[in-house]
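Topology and contacts: notes
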Amino acid sequence: MSSNVITVSGVQIGERPWVDRLHGWLTTVDHKRLGILYIAYGLSFLLVAGVEAIIIRIQLMHPHSGAVSPEVFNRMFTMHSTTMVFFAAMPILFGFSNYLVPLMIGARDMAFPRLNSFSFWLSALGGLLLYFSFLGGSGLYGAGSAPDVGWWAYAPLTARAFSPGHSTDYWTLSVLVSGFGTVGTGINIVATILCMRCPGMKLSRMPLLAWLNLVMAGMILIAITPLSAAQMMLLVDRYLGGHFFDAQAGGAPVLWMHFFWIFGHPEVYILIIPCFAFMSEIIPVFSRKPIFGYPVMVAATVCIGFISMSVWAHHMFTVGMSSYANSFFTFTTMVIGVPTGIKIFNWLGTMWAGQIQFKVPMLFCIGFLFQFLIAGLTGIMLSCAALGWQLSLSYFVVAHFHYTLVGGVVFAIFAAIYYWYPKMTGRMLNETLGKLHFWLFLIGFHVTFDLMHIPGILGMPRRIYTYEPGRGWDTLNLLISIGAFIQAIGVLVFVANLVISYFKGDKAGNDPWDAWTLEWSVSSPPPAYNFASVPTVESRRPLWDLKHPEDPDSRYE
Amino acid sequence: MYIAVLEEAEHKKGRRTTLKRRTKVLICPAVRKIGLLALMSVACVASAEPTGFFNTPTNIFAPASTPAKTIAPLAIFVMAITGIIFVVVFTLLAYAVIKFRGRASDAGREPAQVYGSTQIELAWTMVPVLIVVVLYLATARVIHAIQDAPEPASALEVTVIGHQYWWEYRYPGLGVVTANELHIPVSDPAHPRPTFLTLLSADTDHSFWVPELAGKTDLIPDHPNRMWVDPLRTGIFLGQCAQYCGIQHAKMLIRVSVDSPEEFSAWVREQQRPAIEDGRVAEGKHVFESSACINCHTVNGTAANGRFGPDLTHLMSRVTIASGAAQNTPENLRLWIQNPDAIKPGCLMPAMKLSDADLNALVRYMETLR
């Protein structure tokens, strides 16, 4: 009788009025809902910034093209990069951290649910502020619209003399506000992982995804704060008569560069480490083997975390540092390739002698491995300061970091979405559309970014709204643009897949991939507060132990 | 072309000059052989391309000055090493993907669960460490060779000042001031005459990049930088601003004319003279001196002594106007004065809004500034 009293099966969530449901989403402190909000918000901005990229590529199809004005072009590359870094990649990755970390460590929510919600809405406000600049950027001067100072906004271009109006203020405030949100999320992830693990889940038994998110969150606390400080200094310069970056009054534009890149380079690893985390979860499942060399993977990640704090000035090889500083940053930058190489080898070791299943998430993982390998090698080239004098600020660099951020981060995000979408929605993404998406995007990616290295070698600087004919750049740029259009078609297929599969996809069940971590032990989507009774784990692969009681992992760890 | 580059580098090895330290080839012979192999494969690919594909004016692999010539072999060396790493790892990846793909016969069986191997992991840690050491040493030599090269007494000093969106060149020893088109003497290896540039900025950050002469160096306000070039052949070298500096960053082009010693001396003599006085264009000169032109431009020997815009004393000695955005023709000059935005939208030159008669007179006056 008592069970009848507590059964709530009579209540249909879907029957609630849409206002109530909307209210529920807006006021939620549930880590899974916030995770989905983060991802949805990031994906929307991914599409917006993608459109900006297409505008850039239309303008660059031909030399002396007049498709858009230089003002619009400069706004487009500033908005594209700021959006992609702060409002697409980071929110999507935080969304996965939010959604997966508590589930994987057997917790019922994040350590600070309300801080979690606050962080998300701060980030969301940041994105809206940035895009409000299209309307409000003109300010009292009637000058400017969206920011056009580039995503690293070097001083003194951001001084009021060179950036009148409010567009730069919107850029500064949006980065500052979302930065606070990011720090909140970082604190939350660290606290959750250190304090909320279920019984038996020692640090050495955590899924690698949790480990890598711990490193990433720790890096946030160190790297985002200088960025926030620099934004405040810039605001002081612009409105309170400060002279931090004002060369005419004894300030130093180079100071801004240091502040920005001491954030900027760790930021790259803040973006890529969660992607390493996806690889470390997805590749084992589709190779049917445990991750190869778990302790070394953890150690390599922690090494990357530390070393990445000492490489920032490789972005500044051209600003006239001493030869000793140039040598130092050459060395640290090259050294970071060692732990990164270890990770690639260990993923290969995981696939070796496995039974690789080419489901869509695994296809994206293999694409990631291939592209991240090349991205790392072009990174080694750029790390040679002397070679950097030729190649930095050229299209070679643009190709290099798009290889890491598209070939790496975006491929990993697609892998993660195909892998965990069933858990989040209860439905599988369509495999055929997924493969079509993969091949279109892969081909488009390589047409665009393989070729993009060459104009850099042929002397084409980045951030130019037009270029001179006769320098060997014309045909290449046309092909690069065509590749971008192919990628765009691939993304449209992906969006269609997300929508169609939400309504018509196959039911996923708890564990569609026959996987081993705790999130697959609960229903899809998981119930509120995840676990009816807190699980106890004996090894790194609790579900392997359940499925193979005769040969549990716990014997070998 | 690539082979020629390497042969020149080899040829230089035997030379004895005061620039010896800079010009000596910086990579040990064994390593250079690997570079040569890679170089030849690149050359093969390049020769299969349509003619002229890589024969472009701003190619970092067509160096014509010691800094660029020192960097190009390093680039090939690093590309060779990374190329080898790529081939090895890619082969492993491709092998794994093909060999270990799941088969129908696997159904129900899991593969052997392998958790790791300390020996193997140690091996693939140590090998990259060794590669890093080699690459680092090769790079450090090049960095020091270029950056710490001593300045010979014969060097020419030029101050480069970056402006939104044009270049000012001042030759302090020669009393010459010009804009956008840099003239420097060729540096004969027997009697080296490198040019040392002091890089300053009047407003935002810029970067001076002529790929065939040297790597780029930024021009930052209140942060003087130095770089040097010693072009080994005469000719025109192109480049452009590489650090985003504002709306017209794209049309801040650089044109370097490397002159023979005689040509250079003649050019300097021409530039040192004050502006030509020609009574036939007095009307145009009057328009010039009584309009806002003189606030920003200098013409030696007249009331015009502004410094915001390019020095016009010898305007007609330049091939281009608007920092390379247009050819220096009377029609373009007329358009530029009337409506600069038509050539370079957003540039800081204002439209002068002159009457047709004044404009024609002014252009005729400009045409006399040789």
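Residues numbered from 1 in each chain as written. Chains lettered and ligands numbered in written order. Predicted model: local features only at pLDDT ≥ 70, side-chain atom pairs only at ≥ 80, totals over all residues.

Here the focus is the overall build of chain B. Each helix and strand in chain B was counted, giving ten helices and twelve strands. Relative to its full complement of 370 residues, chain B shows a buried share of 43%. Within chain B, contacts between residues at least 6 apart in sequence are counted, and of these 69% link residues at least 24 apart. (Helix = DSSP H or I, 4+ residues; strand = E, 2+ residues; numbered from the N terminus. Buried ≥ 20, exposed ≤ 12 C-beta atoms within 10 Å, placed from the backbone. Contact = placed C-beta atoms within 7 Å.)

Our next topic: the overall build of chain A. What chain A contains, in helices and strands, is 17 helices and zero strands. Against the 2.2 N^0.38 benchmark of 24 Å for 557 residues, chain A shows a C-alpha radius of gyration of 24 Å, consistent with a compact globule. For the C-alpha atoms alone, the extent of chain A along its principal axes is close to 80 × 55 × 40 Å. Sorting the 557 residues of chain A into buried and exposed places 61% on the buried side. Counting only contacts in chain A whose residues sit at least 6 apart along the sequence, the fraction spanning at least 24 positions is 80%. (Rg over C-alpha atoms; globule rule 2.2 N^0.38 Å.)

So, on to the interface of chain A and chain B. The interface is formed by 72 residues belonging to chain A together with 77 residues belonging to chain B. Contributing elements (two or more residues each) for the side of chain A that touches chain B: helix H4 (70-104), helix H8 (253-287), helix H9 (294-307), helix H10 (323-335), helix H11 (337-351), helix H12 (360-383) and helix H13 (385-391) of chain A.

To continue, consider the domain arrangement of chain B. All names here are of chain B. In terms of domain boundaries, chain B breaks down into domain 1 (2-94 + 122-147), domain 2 (157-268) and domain 3 (279-367). Between domain 2 and domain 3, the C-alpha centre-to-centre distance is 23 Å. Of the residues lining the interface, 16 residues belong to domain 2; the matching set on domain 3 comes to 14 residues. Contributions of two or more residues to the side of domain 2 that touches domain 3 are made by strand E2 (166-171), strand E3 (176-179) and strand E10 (253-259). (Domains from an automatic or database assignment.)

Moving on: the packing of H4 of chain A against helix H5 (residues 113-136) of chain A. Residues and elements named next belong to chain A. Two elements in contact, H4 and H5, have axes separated by 11 Å at closest approach and are oriented at 160°. Relative to H5, the element H4 lies roughly antiparallel. As H4 packs across H5, the resulting crossing turns out to be left-handed. Contacts between H4 and H5 pair Thr82, Thr83, Phe86, Phe87, Pro91 and Asn98 from the former with Asn116, Ser123, Gly126, Gly127 and Leu130 from the latter. The class makeup of the residues in the contact of H4 with H5 is four nonpolar, seven polar and no charged. (Axes fitted to C-alpha atoms, helices over the stretch in contact; angles between N-to-C directions. Parallel < 35°, antiparallel > 145°, perpendicular 65-115°, else oblique. Left-handed = near helix turned anticlockwise from the far one by under 90°. Nonpolar A, V, L, I, M, F, W, Y, C, P; charged D, E, K, R; others polar.)

Quick look at helix H9 (residues 330-338) of chain B now. All names here are of chain B. Of all the positions in H9, only Leu333, Trp336 and Ile337 are classed as buried. Down the axis, H9 shows its buried residues gathered within 95° of arc, on one side only. Contacts made by the buried residues of H9 are with strand E11 (320-321), strand E12 (326-327) and helix H10 (356-367). (Arc of directions from axis to C-beta.)

Moving on to the sheet that holds strand E9 (residues 235-240) of chain B. All names here are of chain B. Read across the sheet, three strands follow the order E4-E10-E9 without closing on themselves; strand pairing throughout is mixed. Every other strand in the sheet has two partners, leaving strand E4 (181-185) and E9 as the edge strands with one partner each. Sheet twist, expressed as the average angle between the axes of neighbouring strands with direction ignored, equals 25°. (Pairing = 2+ DSSP bridges.)

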